[in-house]
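# Breakdown of the fold
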Amino acid sequence: MREILPHREALTNDVVNAILESIPEFANDARLRSLLAAAATENVSACMHAIALGSRLDTIDAPTAGIEHARILAQREVPITVLLRAYRLGQTRFVEGILELTRESKTDLGTSALDLVRAVALYIDRMSDQVANAYEVERELWVGSKAAQRQHWVGELLGGDNPDIARAEAALRYRLDAWHVAVEAWLPGDQDGAGMLGDFDRAVAILRTATHLRGEYLSVPTDSTQVRIWLSVPDSFSVDPRRLEADLLEAGSPVRLAIGARRRGVAGFRSSADSARKIKSLAVGAGMKAPQVLTHAEVAPMALLTENADEVRTFVAETLGDLASLDPRCRELRETLLVYLESNRSYHVAASRLHVHRNTVHYRVTQAMEQVGGDLGDDTLALQLALSICRWSHQHG
C-alpha cells in the first residue's frame, strides 16, 4: 500500500476541487479556499499514511487546519451544514480516488473495499464531530462578542438622548430610516436555554418566510432565553399569526413570539419595540393560555393598559363585579360572554367557536350577566374591554 503515497498531492487536489465545485461559499473566498486546501492536505495525508501502514483511522484527531477552517466559517456565519457537507464530499472523492489508484496500479489493499469505506467513514465521523464542536464553540464566542456590541447600540437607540445614527447603523448593519416591526422572542419557562441560538435562528427563518421578507433584520439576545428582533418591512407588511403558529409547530419550534406594531424611522424603532414588549407582557401574564404567536393587531387595546396595573384591577372589579372572581366557573362564564359579544351576540356563532351547544351559551351568558349585576345594553365597550383584560391577565385567568 505504500505505492499510493506518491499520489497524495494529486488526490488532495481532487478532493479540494470536488468540494469547490459543489460549495460556492468556499470557491468565491480566497481565505476559505486556502483553509480548505490546508485542511484537505492534512486529512488526506493522515488517511493515506494510516492506510499504507495499516494503522487505525478512528483514533486520529482533527488537524489544526481543519479546526481553524471550522472557526473561520463560524465567524463568517456560514451554516454548519455547509461545513459538514464538505466533509461528506471529501469522503466520497477520497474513497473513489483510493479505489481508482489501487485498481490502476493493481495494488492489493490488504483489506476489502467495504472495510476501507467503513474505516474512512469512521474517520470522517470523528473529524465531523471535532470540527462541529470547534464551530459551535467559536460561534458562541463570536455571537456573544457581536451581541455585546449590538446591545450597546440598541441601548443607545432605545434610551440615549442623542444617539449617533450613522455609527449605530454601521455597527448594527441595519438601516433606521425604514419601516420596522419589533418582535420579542422567548422560550417558555420549562426551557433551559440549551441550544438557544439554533432555536431562535430557526424561528426567525420561519417568521421571515411566513411574512415573505427578504430584507434586513436585527437580532439581539437579551439573556439566555430571549431575543429582541427588528424586521425591516415594506408598507404592505402583514402577518397571519395562526398560520405562523402552525409553521412553528410543524418545525417543532418552542419559541414564542410577540409581534409589535409597524412603525417608521428611529422613533418607530423605539415605539415598535415598546409595543412588542407590552404584548409579551400580556402573553407571559396569560401563561400557557396565550397563543404561541401574539400580534399588536390582536391585543392593541390591552397592551396600552399594561403599565397601569392598579388602575386596571380597579376598572375590572368595578365593571365586572362578582364576575371578576378568580373562581374557575367565573373564568368560564367570562370567556363565554366575551366570545358571545365578539360574535355580534350570535348564540350560534359563539357555540361554534366554543364547541358547545347554543343553549349552553345562552345559559352561561345569563349567569354571567347576573354576576355583573346588569343587563346587556347597546354600549358594551367597557364590558368587552374588562373581559378582554381578564382573558390576558394571570390575575384573573
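Preceding block: the structure.
Here's what I pulled together on the structure shown here. Just so it is clear, the model here is predicted, and its values are computed rather than measured.

This brings us to the pattern of salt bridges. Side-chain pairs of opposite charge can arise whenever the charged atoms involved come near each other. By the definition in use, this model includes 21 salt bridges. For Glu 138, the salt bridge is made with Arg 71, and the minimal N-O distance between the two is 3.1 Å. Taken together, the positions of Glu 138 in helix α6 (residues 113-159) and Arg 71 in helix α4 (residues 64-75) put the pair 67 residues apart, joining distant regions of the chain. The salt bridge partner of Lys 278 is Asp 274, with a shortest N-O separation of 3.3 Å. With Lys 278 and Asp 274 both in helix α10 (residues 265-286) and 4 residues apart, this pair spans about one turn of that helix. Given a relative accessible area of 14%, Lys 278 falls into the buried group. For Asp 274, a relative accessible area of 27% gives the class partly exposed. Sharing partners across several salt bridges, the network here consists of Asp 14, Arg 93, Glu 96 and Glu 100.

Let's shift gears to the side chain of Arg 256. Inspection of the secondary structure assignment puts Arg 256 in strand β4 (residues 256-264). Despite being buried, Arg 256 has no salt bridge partner; Glu 245 is the closest side chain of opposite charge, sitting 6.3 Å away. A distance of 2.6 Å separates a polar side-chain atom of Arg 256 from the backbone oxygen of Ala 290. Engagement of the side chain of Arg 256 in a polar contact is seen with the backbone oxygen of Pro 291, the distance being 3.2 Å. When neighbours within four sequence positions are excluded, Arg 256 is seen to be in contact with Glu 184, Ala 185, Trp 186, Pro 188, Gly 287, Met 288, Ala 290, Pro 291 and Gln 292.

With respect to the helices and strands, Leu 187 occurs in the loop between β1 (179-186) and α8 (196-210). Leu 187 sits in the buried class, given a relative accessible area of 5%. With 34 residues separating them along the chain, Leu 187 and Pro 221 place their C-alpha atoms 12 Å apart.

Here the focus is the nonpolar core. In terms of nonpolar packing, the biggest core is built from 38 residues, with Ile 19, Phe 26, Leu 73, Leu 83, Phe 94 and Val 120 touching the most fellow members. Contributions of two or more residues to this core are made by α1 (8-22), α3 (30-53), α4, α5 (80-105) and α6. At 9 residues, the largest contribution of residues to this core is made by α3. With sequence-adjacent residues up to four places away left out, Ile 19 is seen in contact with Phe 26, Leu 36, Ala 86, Leu 89 and Gly 90.

Definitions and cut-offs
Residues numbered from 1 in each chain as written. Predicted model: local features only at pLDDT ≥ 70, side-chain atom pairs only at ≥ 80, totals over all residues. Heavy atoms only, no water. Salt bridge = Lys/Arg side-chain N within 4 Å of Asp/Glu carboxyl O. Helix = DSSP H or I, 4+ residues; strand = E, 2+ residues; numbered from the N terminus. Buried < 20%, exposed > 50% of the residue type's maximum accessible area, 1.4 Å probe, protein only. Lys, Arg positive; Asp, Glu negative; His and termini not counted. Polar contact = N/O pair within 3.5 Å; in protein donor to acceptor, adjacent residues only side chain to side chain. Contact = heavy atoms within 4.5 Å. Core = buried A, V, L, I, M, F, W, Y, C linked by side-chain atoms within 4.5 Å.

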